[in-house]
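# What the coordinates show
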Amino acid sequence: MLNVVTVNTNPYEGQKPGTSGLRKKVKVFLQENYTENFIQSILDANKDSIAGSTLVVGGDGRYLVKEVVDKIIKICAANGVAKLLVGQNGILSTPAVSCIIRKYKTLGGIVLTASHNPGGINNDFGIKFNCSNGGPAPDNTTNEIYSLTTRIKQYKIVPDLVCAVNEIGTQTFTVEDRQFVVEVIDPVKDYVDYMKEIFDFPKIKTLIQGSEQRAPFKMLIDCMSGVTGPYVKRIFISELGAPEDNVIRATPLEDFGGAHPDPNLTYAADLVTAVKNGDYDFGAAFDGDGDRNMIIGRDAFFVSPSDSLAVLAENALCVPYFSKHGVRGFARSMPTAAAVDRVAAKHGKEMFEVPTGWKYFGNLMDAGRLSLCGEESFGTGSDHVREKDGVWAALAWLSVLAASGRSVQGTLEAHWAQYGRNYFTRYDYEECASDPCNEMMQALEKKITAPGFVGSSYSSGNKTYVVKLADNFSYMDPIDKSVAMKQGLRIIFEDGSRIVLRLSGTGSSGATVRLYIDSYEATDVRGDAQEMLRPLIEVALDISQLRQYTRRDAPTVIT
Ligand SMILES: O=P([O-])(O)O[C@H]1O[C@H](COP(=O)(O)O)[C@@H](O)[C@H](O)[C@H]1O
Ligand SMILES: [Mg+2]
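Residues numbered from 1 in each chain as written. Chains lettered and ligands numbered in written order. Predicted model: local features only at pLDDT ≥ 70, side-chain atom pairs only at ≥ 80, totals over all residues.

Per an unreviewed UniProt entry, the recorded name for the protein is phosphoglucomutase (alpha-D-glucose-1,6-bisphosphate-dependent), and the organism is Parnassius apollo. Of the comments in the UniProt record for the protein, the one headed Cofactor (unreviewed entry) reads "Mg(2+)". Listed in UniProt under the heading Sequence similarities (unreviewed entry), the comment for the protein reads: "Belongs to the phosphohexose mutase family." (UniProt positions renumbered as here; feature names shortened; annotations may be inferred.)

### Structural notes on the site of ligand 1
Lining the immediate environment of ligand 1, one finds 18 residues, of which Ser-20, Ser-115, Ser-504, Gly-505 and Thr-506 sit closest. Here the residues of the shell around ligand 1 are counted per class, giving one nonpolar, 12 polar and five charged. (Near = placed C-beta within 6 Å. Nonpolar A, V, L, I, M, F, W, Y, C, P; charged D, E, K, R; others polar.)

### Focus: the pairing of strand β16 (residues 370–375)
When you tally the buried positions in β16, you get six out of six residues, the bulk of the element. Note: strand β14 (residues 329–333) against β16, four bridges, orientation parallel. Looking at β16, one finds that Gly-329 is bridged to Leu-370. The pairing of β16 with strand β17 (residues 379–382) spans four bridges and is classified as antiparallel. Residue pairing for β17: Leu-372 is matched across the bridge by Ser-382. Remark: three residues form the turn of the hairpin made by β16 and β17, two consecutive strands paired antiparallel; Phe-378 in that turn has positive phi of roughly 65°. (Buried ≥ 20, exposed ≤ 12 C-beta atoms within 10 Å, placed from the backbone. Helix = DSSP H or I, 4+ residues; strand = E, 2+ residues; numbered from the N terminus. Pairing = 2+ DSSP bridges.)

### Here we look at helix α4 (residues 94–103)
Among the 10 residues of α4, nine are classified as buried, and the element is accordingly described as predominantly covered. All buried positions along α4 are accounted for by Thr-94, Pro-95, Ala-96, Val-97, Ser-98, Cys-99, Ile-100, Ile-101 and Arg-102. Here the buried face of α4 lies against β3 (54–59), β4 (83–91), β5 (108–112), β6 (124–130), α6 (189–198) and α14 (390–404). Downstream of α4 by a residue or two, Lys-105 has a phi angle that is positive, lying close to 50°. (Contact = placed C-beta atoms within 7 Å.)

### As for the sheet that holds strand β13 (residues 293–297)
What the four strands build is an open sheet, ordered β11-β10-β12-β13; its pairing is mixed. Each edge of the sheet is formed by a strand with only one pairing partner; in this case those strands are β11 (247–248) and β13. Looking at chain direction, strand β10 (residues 219–222) and strand β12 (residues 282–286) are connected through four bridges and run parallel. Bridging from a neighbouring strand, Leu-220 pairs with Gly-283 of β12.

### Overview of unusual backbone geometry
Residues other than glycine seldom take positive phi values, yet Ser-115 does so here, at roughly 60°. On the secondary structure map, Ser-115 appears in the loop between β5 and β6. Of note, Lys-481 is a non-glycine position whose phi angle comes to about 65°, a positive value. Here Lys-481 is to be found in the loop between β21 (475–476) and β22 (483–484).

Given below as structure tokens:
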């Protein structure tokens, strides 16, 4: 029999979950009781339902995942959790956690990841709680967890419990007078089974392997040494018959090989170059925990995430899941360009604009009003789970291409010919000093909400923009009526062009400024986004005084 030990502890400051969980440097999590405090607070936030419950536990394989899985097992055992489903070696992608929570109807899950942030002892770690719908906990739950972390005095643990997470199978422990079960599961199986239900695998296989009518389709898939490697190998190589060399960086590494596991044009530049120089029809990359995706076509033709969502929405019926369940509404985060809004309008679907953060889509999906959604931050997904899903997005794209026989570029061009194009770019200024960035946001909010700002005009190049609306975006959830305030500064001009500025909520230190620019062109659809948006970018830099506040001449990343 194993004993529960109660340990006295003191609160740590700053355990407030951000856009998607608590993300800090590994060394912060290594402080005495820091991780234990946060885990106990997660369980305490669920105190009415934790006894006898089942939870899912896993992460993206980064440094510290295994140690924290061990702590979670011991603390859950002490707090009366009945059963844990743990990915073998602590591995589970974020969408797989969501899938498993829903499939086995568990109380929720704990996801160990800092997503796209670098890993290793000097980099980032993160802990996130997902609820029984499989999605990231909503603000009221994360606020409750945070509030508990500020008052915590004790946590409970079973220090002598030894659980082997490297072996698939069930281990049963007797903790005082209770049974506690840990089932170590194949991290990939449930997710792959689900993808086979959602998509027409034989059809995608024919696309990839070629047929009498069509040459084999050549792909390059970059897992960025994150968690998707095992999923991608099983799905694309074993199930869909792609050659092994179509998949790169497919072994999860604790430090992602020293790289930044963020699928964008800067951090996945090697993939972009390889696709540009090679004979590939399709390229895809996923982030550390497998929820983000980047899609490129032949010659590294880049699909902006805002367009990706619009194309998948337009062609949803190429995916058997949607033909079976029907297509309900669409949604995007506020900074995401409005390409999908046009698809919604044409097809008479409901359209929602939510704050940045996947958690804001959950209620709409649970209420049966939302099928497909996405974010400019390389997030695309649907109501098949309650997280965005990188591998799903790649399979959805392949389904569209298999149905139409078009190339990636041809698909976008056909879409723009029908709907016009929402040009979009994002400038990221990473790891700036926090104080001047906060000052910049305050000054800008004051400026744009002052009387007289609406109606004022700004000129750059040969363009003049007249302000139609300016505010700090707030959102009321249509289902539970909860309100999220101060979700980003936006300036909307008479012609529909927009400037959006916000501070990232996923960093672990300093401030990352995100500047989003978009504008719509009905017929001039083949331009270069950077050139087309240049005048508006200059206006944005001028209004915000961003260069002066951040002391940066150029962004770290341009999307
Ligand atoms: O980090 P992930 O992949 O979980 O992604 C998280 O952060 C993104 C960007 O956040 P920010 O602009 O605040 O950095 C959000 O769009 C996304 O919904 C959220 O799940
Ligand atoms: Mg992620």
